[in-house]
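Observations on chain architecture
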Amino acid sequence: MKIAIVGYGNLGRGVETALLQQSDMEAVGVFTRRDPATLDSRIPAYALADLPHHEIDVAILCGGSATDLIEQSPDIVRHCNIVDSFDTHARIPEHFAAVDAAARETDHAALISTGWDPGLFSLMRVLGAAVLPDGTVDTFWGKGVSQGHSDAVRRIPGVVKAVQYTIPKESAVAQVERGEGAGLTPRDKHLRECYVVAAADADREAIRQAIVSMPNYFDEYDTQVNFIDEAEFKAKHTAMPHGGQVIRHGYTSPDTPQVMNFSLTLASNPEFTASVNVACARGLYRAYQEGKRGCMTIFDLPISYLTGLSAEELRKNW
Ligand code: API
């Protein structure tokens, strides 16, 4: 499979690292809006405008959801199959429709909104609902760095650098584990802590307001905004750990509670997200080879397609 990487931030770098471990995939290049000569990538870098001139089986799009993917995914799927990590949960149906229309027009396939949440966590929610229909599902994130929220803060005018930590409230986790989580609001479950380096002339109060009132990202949470300088940012906020859990609590008969718990502990959120995206690129290409066109999500891929193993090997070993 010939794979292209579009965008070379944290996620793009993670995809490059993941691709170098795959024996069935070839990294064709990194495609960037910056001057390709300025990239320190390990595989060749090209201008994004060059992408249509390359032979690509799947492009993995590594831009942010807040502004990049909403335009790039429907645009690039006109040239080749794509995988993206669009993670503004509330806008996924709308993004799906736009990518689906563009993909069908040009006879391509796309897989959107993958990674671990949305992505693996979404799969676990579906599995929970299928197995324990009389139940509730809750998700806790962190403590860790949300790439989506950090990116959204960085798009605010006057912000130079930013990182957002999602912090689960332990009392809410315990409540959910006891099966008493009904009615918990986003605010009851998580705290959001932002560390921001602002431009010297920026209006900090305006930045703070823009963050705490941002729909889909912050308005439903308790959010703390801390302004720090570049040196402190470099010293304390460059690692990107994350993780979390999906908990399905349900009953198979009235006095028989059952709990399904899927959890992740990640030293690098971008490298893990990238690893999921690479597996999904393999699955998408397999679906494409078997005639699937248009937009899909991870729900639509047979799970066996994610691996390079044959059905016989899977039955024998797993
Ligand atoms: C949070 C989660 C992060 C999900 C993972 C991924 C990301 O609030 O921390 O942006 O890192 N929604 N979508």
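Residues numbered from 1 in each chain as written. Predicted model: local features only at pLDDT ≥ 70, side-chain atom pairs only at ≥ 80, totals over all residues. Heavy atoms only, no water.

1. Details of the overall build of the chain
Scanning the chain from N- to C-terminus turns up 11 helices and 14 strands. Its C-alpha radius of gyration of 20 Å places the chain within 12% of the 20 Å reference for a compact globule of 318 residues. Along the three orthogonal principal directions, the C-alpha set of the chain runs to about 60 × 55 × 35 Å. Within the span of the chain, comprising 318 residues, buried residues form 49% of the whole. (Helix = DSSP H or I, 4+ residues; strand = E, 2+ residues; numbered from the N terminus. Rg over C-alpha atoms; globule rule 2.2 N^0.38 Å. Buried < 20%, exposed > 50% of the residue type's maximum accessible area, 1.4 Å probe, protein only.)

2. Digging into unusual backbone geometry
Backbone torsion omega between D117 and P118 reads 0°, so that peptide bond is classified as cis. Among the structural elements, P118 can be located in the loop between strand 6 (109-111) and helix 4 (120-131). Going from G142 to K143, the amide bond is cis rather than trans, its omega being 5°. Even without being a glycine, D107 presents a positive backbone phi close to 65°. With respect to the helices and strands, D107 occurs in the loop between helix 3 (92-105) and strand 6. A positive phi angle, near 60°, is found at S113, a position not held by glycine. The topology assignment puts S113 in the loop between strand 6 and helix 4.

3. A word on the sheet that holds strand 7 (residues 135-141)
Sheet architecture is open: 3 strands sit in the order 7-12-13, paired in antiparallel fashion. Here the strands that pair on one side only, and so sit at the sheet edges, are strand 7 and strand 13 (256-266). Neighbour-to-neighbour, the strand axes of the sheet open up by a mean angle of 10°, direction not taken into account. Strand direction decides the pairing type here: strand 7 and strand 12 (residues 242-253), joined by 7 bridges, are antiparallel. Residue D138 lies in a different strand from strand 12, and its bridge partner there is I247. (Pairing = 2+ DSSP bridges. Axes fitted to C-alpha atoms, helices over the stretch in contact; angles between N-to-C directions.)

4. Considerations on the confidence of the model for the chain
With 100% of its residues at a pLDDT of 70 or more, the chain has an overall mean of 97. Interface confidence for the predicted complex, given as ipTM, is 0.91, next to a pTM of 0.94. (pLDDT = per-residue confidence, 0-100.)

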